[in-house]
Amino acid sequence: MFENAKFVIDSRQAFEGCIFVALKGERTDGHYYVREALERGAALAVVERIVDVPKEKLYFVEDTRLFLQKLAAQKIVRYDPKIVGITGSNGKTTVKEMIHRCLGEEIAFRNPGNLNTEIGLPLSILNDYRGQPYMILEMAMNKPGDITTLCRIAQPHVSILLNVGTAHRGVAGGDEQILKGKLEIVENMRENGIAILHNDPRILQRVRRRDFVTFGFQSGDYRLTSYVYEGPSTRAWYETPKGVHQLRFSTILNVGQLVNVAAVLAVFSVLNLQVDLTKLESFVPVSGRFRVLLIDEVYVVDDTYNASLESFKVAVETLKKLGERTYAVVGSIKEQGIYSQETHRQLGKILEQLDGVFVYNADHEIDSMECSKILLKSDEPEVIVTKLKSMLRMKDAVLFKASRAVGMEKVLNLFLGGKAE
Ligand code: ADP
C-alpha cells in the first residue's frame with residue numbers, strides 16, 4: 001500500500017497526499033504534530049499510539065523508526081540493486097559524488113549527504129530511489145551500532161572503508177569506538193561481497209574476511225603514487241592491478257581526496273565497470289568540502305563544511321604546496337567532548353606550519369588553542385576579513401575551515417564580496 005508514497009517526518013514539510021511518520025526524537029515527539037501534518041494535507045499518519053484525530057487517518061505500528069527501515073529494506077529487495085556502502089571519518093560525500101558522477105543518475109542512485117543516518121537513509125530510499133541498478137550510499141556513524149543498522153536496510157555488495165580518524169570522537173566515545181563502529185560496514189556486508197579498505201594497519205589487523213582490496217598513498221593494491229598542482233588543476237598518477245592511470249583533474253584536490261580516488265578506481269574495477277574517467281577528471285568538490293577557488297591569483301580554499309584533525313592536516317599540507325605564503329581562518333572542531341582541549345592543542349601544532357592564523361571564535365571552544373602564528377582572534381567576520389584582505393597578495397593561499405556549527409561560511413561569504421549573514 002505504500003509503494004509510491006512520499007514520506008515526511010517533519011510536519012512543517014507535510015504536503016498534499018504525503019504520509020507523515022511520527023518519530024520520537026530526543027527533543028520532541030512527532031506524535032504531537034500529527035494534527036498539523038494532516039491539516040497540511042498528509043493522507044495518513046503512521047503512529048505508535050492513539051492521537052486525537054480521525055481514526056481512519058492513523059496507521060498503527062509498534063515502532064515507527066523500524067517501520068521506515070523495514071519498508072526501505074523491502075524496496076531494496078524488490079529492485080535488487082548492487083549496493084556500494086561508504087563510510088570513514090573523512091571523504092564520504094566526495095567519494096560518493098565521484099562514483100555517482102561517473103556512473104550517472106540513470107544507472108546509479110545516491111543518498112544526499114545529510115540523509116546518511118538510520119532515519120535519513122530509509123527516507124531517501126523510500127522517497128527518491130527509482131529502481132536504478134546501482135546504489136551508492138554514504139553511511140554515517142555517530143556511535144557503534146549505527147552502521148550495522150544501516151547495513152540491515154541496505155546490505156552492501158561492496159563496502160568502502162575510508163580513513164578512520166578522530167571526527168566526532170566526543171560523541172562516539174573515543175577512538176577505539178570509532179574504529180569498531182566503522183568496521184561494522186565490513187562485518188555486515190554480503191557474504192560474497194568485496195571490501196575496499198584504506199591501507200591502514202589498524203584497520204587491516206581487525207578485518208577477518210579474506211576478500212578485500214586495499215588503497216592508499218604509495219601503498220595498497222590501488223595507490224596514488226604521486227601528484228602535482230599545475231595552476232588551478234591537479235595531475236595525479238595511480239597504480240592499480242589493472243595498470244597505470246594518469247589523471248588530470250580540472251581542479252585542486254588535496255592529498256586525502258586524491259588518495260580516496262584510488263578507492264573510486266577500486267570500485268569500478270571490482271564491479272567490472274568500464275567507466276569514462278574524464279568524468280572523474282572534471283569532478284569539482286561540493287562547496288564547503290575543500291573546494292579551491294583562484295581569485296586574483298590567490299588560492300582560496302572553502303573547507304567550511306566540516307573539520308577534524310585529519311582533514312586539517314591534509315588541508316594544511318595542500319595549502320603549503322599551493323601558496324608562496326599561507327594563511328588560514330579557523331574555527332572550532334566540534335563534537336570532541338572530553339577530547340576537545342587535546343584536539344585543539346593538536347590543531348595549534350598543525351597550524352604552526354602556516355604564515356598566519358586568524359581565529360574566528362564565534363563559539364569559544366577554540367579559545368584554548370595555542371599557536372604562535374595567531375595574528376588575530378575575533379568573533380566578528382568584518383574584523384577578520386578587513387585584516388586578512390590588507391595582508392594578502394598574489395600567489396598567497398588562504399584556507400577557511402571549521403566545523404559546520406561554527407558558521408565559517410559567513411566569514412568566507414564576506415571575504416568573497418557578499419554579506420556576512
Ligand atoms: P564526509 O562526508 O565524510 O564528511 P567530505 O567529502 O564532506 O567527507 O569531506 C570532508 C573533509 O574531509 C574535507 O575537508 C576533505 O578535504 C577531507 N578529506 C577527504 N578525504 C580525506 C582523507 N583521506 N584524509 C583526511 N581528510 C580528508
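Position labels on residues start from 1 in each chain and follow its written sequence. Given that the model is predicted, a residue must reach a pLDDT of at least 70 before its local features are reported, and side-chain atom pairs must reach 80 or more before they are shown or counted; all residues, however, enter totals for whole chains, interfaces and linings. Remark: hydrogens and water are excluded; side-chain values derive from all non-hydrogen atoms of the structure.

## Notes on the site of the ligand
The criterion, for reference: Proximity is defined per residue: if any heavy atom of the residue lies within 4 Å of a molecule or strand, that residue is considered near it. Side-chain atoms alone can form a polar contact between residues adjacent in sequence; in general such a contact is a pair of N or O atoms within 3.5 Å, and within protein one must be able to donate a hydrogen while the other accepts it. Only the protein chains shown count as covering a residue, and every accessible area follows the Shrake-Rupley method with a 1.4 Å probe.
Taken together, 20 residues are adjacent to the ligand, and Gly91, Thr93, Thr94, Asn254 and Asp303 come closest. A distance of 2.8 Å separates an oxygen atom of the ligand from a polar side-chain atom of asparagine 306. Side-chain polar atom of lysine 401 to an oxygen atom of the ligand: 3.3 Å apart, as the coordinates give it. A total of 570 Å² of accessible area belongs to the ligand in isolation, and the protein chains cover 94% of it.

## Focus on the sheet that holds strand E2 (residues 19-21)
Counted only if it meets this: A pair of strands is labelled paired if DSSP reports no fewer than 2 bridges between them. By the criteria applied, helices consist of DSSP H or I runs no shorter than four residues and strands consist of E runs no shorter than two, each listed in order from the N terminus.
A sheet is described by the order of its strands in space; here four strands give the open sequence E1-E2-E3-E4, paired in parallel fashion. Each of the sheet's edge strands pairs with one partner strand only, and the pair in question is strand E1 (7-8) and strand E4 (58-60). Pairing analysis gives two bridges linking E1 to E2, with the strands arranged parallel. Looking across to E2, one finds that phenylalanine 7 is bridged to isoleucine 19.

## Some words on the sheet that holds strand E17 (residues 356-360)
Which entries qualify depends on this criterion: Simply put, an axis is a line fit to the C-alpha atoms, just over the touching stretch for a helix, and the angle between two N-to-C directions goes from 0 to 180 degrees. What makes two residues a contact is simply this: any of their non-hydrogen atoms within 4.5 Å.
Strand order in the open sheet formed by six strands is E14-E15-E19-E16-E17-E18, with mixed pairing between adjacent strands. Taken across any chain shown, the strands that pair with only one partner, and hence form the sheet edges, are strand E14 (291-295) and strand E18 (374-378). Across the sheet, the mean angle from the axis of one strand to that of its neighbour is 15 degrees, orientation sign disregarded. In this sheet, strand E15 (residues 298-303) lies alongside E14 in antiparallel orientation, the contact comprising five bridges. Of the residues in E15, the one forming a bridge with arginine 291 is aspartate 302. Sitting on the sheet, helix H11 (residues 309-322) touches E15, strand E16 (326-330) and strand E19 (397-401), and the angle it makes with E19 is about 165 degrees.

## A word on the environment of asparagine 4
Applied cut-off: Relative accessible area decides the class of each residue, using a 1.4 Å probe on protein chains only: under 20% of the type maximum gives buried, over 50% gives exposed, and in between gives partly exposed.
Topologically, asparagine 4 is positioned in the segment before E1. Residue classification places asparagine 4 among the exposed positions, given a relative accessible area of 74%. Residues asparagine 4 and leucine 126 lie 122 residues apart in sequence; the distance between their C-alpha atoms is 8.3 Å.

## Some points on the environment of lysine 242
Within the secondary structure, lysine 242 is located in the loop between strand E12 (233-240) and strand E13 (243-249). The exposure class of lysine 242 is exposed, given its relative accessible area of 58%. Distance in space between the C-alpha atoms of lysine 242 and tyrosine 222 is 9.3 Å, their sequence separation being 20 residues. Look past the residues within four positions of lysine 242 in its chain and what remains in contact with it is Ser269 and Asn272. Here the side chain of lysine 242 touches serine 269 through a polar contact of 3.3 Å, side chain to side chain.

## Here's the deal with the environment of arginine 35
Secondary-structure assignment places arginine 35 in helix H1 (residues 34-39). On a C-alpha basis, the gap between arginine 35 and serine 11 in space is 8.7 Å, while along the polypeptide they are 24 residues apart.

## Here we look at the nonpolar core
Heads up, the rule is: In these notes, a set of buried Ala, Val, Leu, Ile, Met, Phe, Trp, Tyr and Cys residues joined through side-chain atoms within 4.5 Å is what counts as a nonpolar core. Each domain's limits were defined by an automated method or a database of domain assignments.
Counting 69 residues, the largest nonpolar core has Ile99, Ile160, Tyr238, Phe268, Leu280 and Leu351 as the members making the most contacts within it. Among the elements that take part in this core, helix H9 (residues 255-270) stands out by supplying eleven residues, more than any other. Each of domain 2 (67-281) and domain 3 (291-415) accounts for three or more of the residues forming this core. In this view, leucine 280 contacts Met98, Cys102, Leu247, Phe249, Val261, Val264 and Leu265; residues no more than four positions away in its chain are not counted. By size, the runner-up hydrophobic cluster in this structure holds 44 residues, among which are Val61, Ile147, Leu150 and Ile203.

## Let's talk about helix H13 (residues 381-391)
Spelled out, the test is: In this context, the arc is that of the directions from the helix axis out to the C-beta atoms.
Every buried residue belonging to H13 is among Pro381, Ile384, Val385 and Leu388, and all of these are buried. Taken end-on, H13 shows its buried residues confined to a sector of 95 degrees, consistent with a single buried face. Residues of H13 that are exposed and angled more than 90 degrees away from the buried face: Thr386 and Ser390.

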